[in-house]
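# Results of the structural survey
Here's the letter readout for the chains.
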Amino acid sequence: MSVPTLAVELAIDPVVVSEHSEFDIRGAVRNLGSRDLDTRVYASALLVNGEPSGTWSLAIMNGLRDEWEFALPPGQRVEFRRLLPASSLLRGPGRYELILDVGGVRSAPVTIECQ
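Model, not experiment: these values are computed from the prediction.

### Description of the pattern of salt bridges
- Following the criterion strictly, the structure yields seven salt bridges and no others.
- Among the salt bridges present, the one from Glu 9 reaches Arg 77, with a minimum N-O distance of 2.6 Å. Of this pair, Glu 9 sits in strand β1 (residues 6-13) while Arg 77 sits in strand β6 (residues 77-85), and the two are 68 residues apart along the sequence.
- The exposure class assigned to Glu 9 is partly exposed, which follows from its relative accessible area of 36%.
- The class of Arg 77 is partly exposed, set by a relative accessible area of 28%.
- Because the salt bridges share partners, they merge into one network encompassing Glu 9, Arg 77 and Glu 79.

### A closer look at the packing of aromatic side chains
- Tallied over the entire structure, the rule returns one aromatic pair.
- Ring geometry for Tyr 42 and Phe 70: centres 6.0 Å apart, planes at 25°, overall stacked. With Tyr 42 in the loop between β3 (22-31) and β4 (45-48) and Phe 70 in the loop between α1 (54-61) and β6, this residue pair connects regions lying 28 residues apart in the sequence.
- For Tyr 42, a relative accessible area of 28% puts it in the partly exposed group.

### Re the sheet that holds β6
- Ordered in space as β1-β3-β6, the three strands form an open sheet in which the pairing is antiparallel. Looking at strand neighbours, the two that pair on one side only are β1 and β6, the edges of this open sheet. On average, each strand axis in the sheet is tilted by 15° relative to the strand beside it, whichever way the strands run.
- Here β1 pairs with β3 via eight bridges, running antiparallel.

### With respect to the layout of surface pockets
- Of the volumes computed, that of the largest pocket is approximately 200 Å³.
- Lining of the largest pocket is provided by Val 48, Asn 49, Glu 51, Pro 52, Ser 53, Gly 54, Ser 88, Leu 89, Leu 90, Arg 91 and Tyr 96.
- Of the residues that constitute the lining of the largest pocket, the class distribution is five nonpolar, four polar and two charged.

### Quick notes on α1
- Looking only at α1, the buried set comprises Trp 56, Ala 59 and Ile 60. Down the axis of α1, the buried side of the element spans an arc of 90°, and every buried residue falls inside it. Among the exposed residues of α1, those oriented more than 90 degrees off its buried face are Leu 58 and Met 61.
- The inward-facing, buried residues of α1 contact β3, β4, β6 and β7 (94-102).
- Its side-chain oxygen at 3.3 Å from the backbone nitrogen of Thr 55, Ser 53 defines the N-terminal cap of α1.
- Immediately downstream of α1, the backbone of Gly 63 shows phi near 100°, a positive value.

### Thoughts on the side chain of Ser 53
- Relative to the helices and strands, Ser 53 is located in the loop between β5 (51-52) and α1.
- A residue is classified by how much of its surface remains accessible, and Ser 53, at 10% relative accessible area, is buried.
- Polar side-chain contacts of Ser 53 include one of 3.3 Å to the backbone nitrogen of Thr 55.

Conventions used here
- Residues numbered from 1 in each chain as written.
- Predicted model: local features only at pLDDT ≥ 70, side-chain atom pairs only at ≥ 80, totals over all residues.
- Heavy atoms only, no water.
- Salt bridge = Lys/Arg side-chain N within 4 Å of Asp/Glu carboxyl O.
- Helix = DSSP H or I, 4+ residues; strand = E, 2+ residues; numbered from the N terminus.
- Buried < 20%, exposed > 50% of the residue type's maximum accessible area, 1.4 Å probe, protein only.
- Phe/Tyr/Trp six-rings, centres within 6.5 Å; stacked < 30°, edge-to-face > 60°.
- Pairing = 2+ DSSP bridges.
- Axes fitted to C-alpha atoms, helices over the stretch in contact; angles between N-to-C directions.
- 1 Å grid on protein atoms, 1.4 Å probe; cavity = no way out; pocket = protein on both sides within 12 Å on 5 of 7 lines; lining within 4 Å.
- Points joined across faces, edges and corners; volume = space filled by probe spheres on them.
- Nonpolar A, V, L, I, M, F, W, Y, C, P; charged D, E, K, R; others polar.
- Arc of directions from axis to C-beta.
- Contact = heavy atoms within 4.5 Å.
- Polar contact = N/O pair within 3.5 Å; in protein donor to acceptor, adjacent residues only side chain to side chain.

Below is the structure:
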């Protein structure tokens, strides 16, 4: 089994929303390897209760890019952010678990409650 060359973080604010709210979704990737790394953040997946979000795929492929996403030096960290309506990710009231997957490396889960 290979050792991951990156670490992935996910932060979402707020964690209690209504269907009419917006999420501030922030991700970060740290290069744990010894060479520059193409993070492929643009190909990341946001899993909502284990299923990839098509909305995230569209959102992360568009927008401004930090040049470090394509050549992240060893030991460095790059952050990215998207604002999305809760209704684009959640299917109504309930609790949801969101996980960011970048190149097969997953963040810790974040639990969201939609009221």
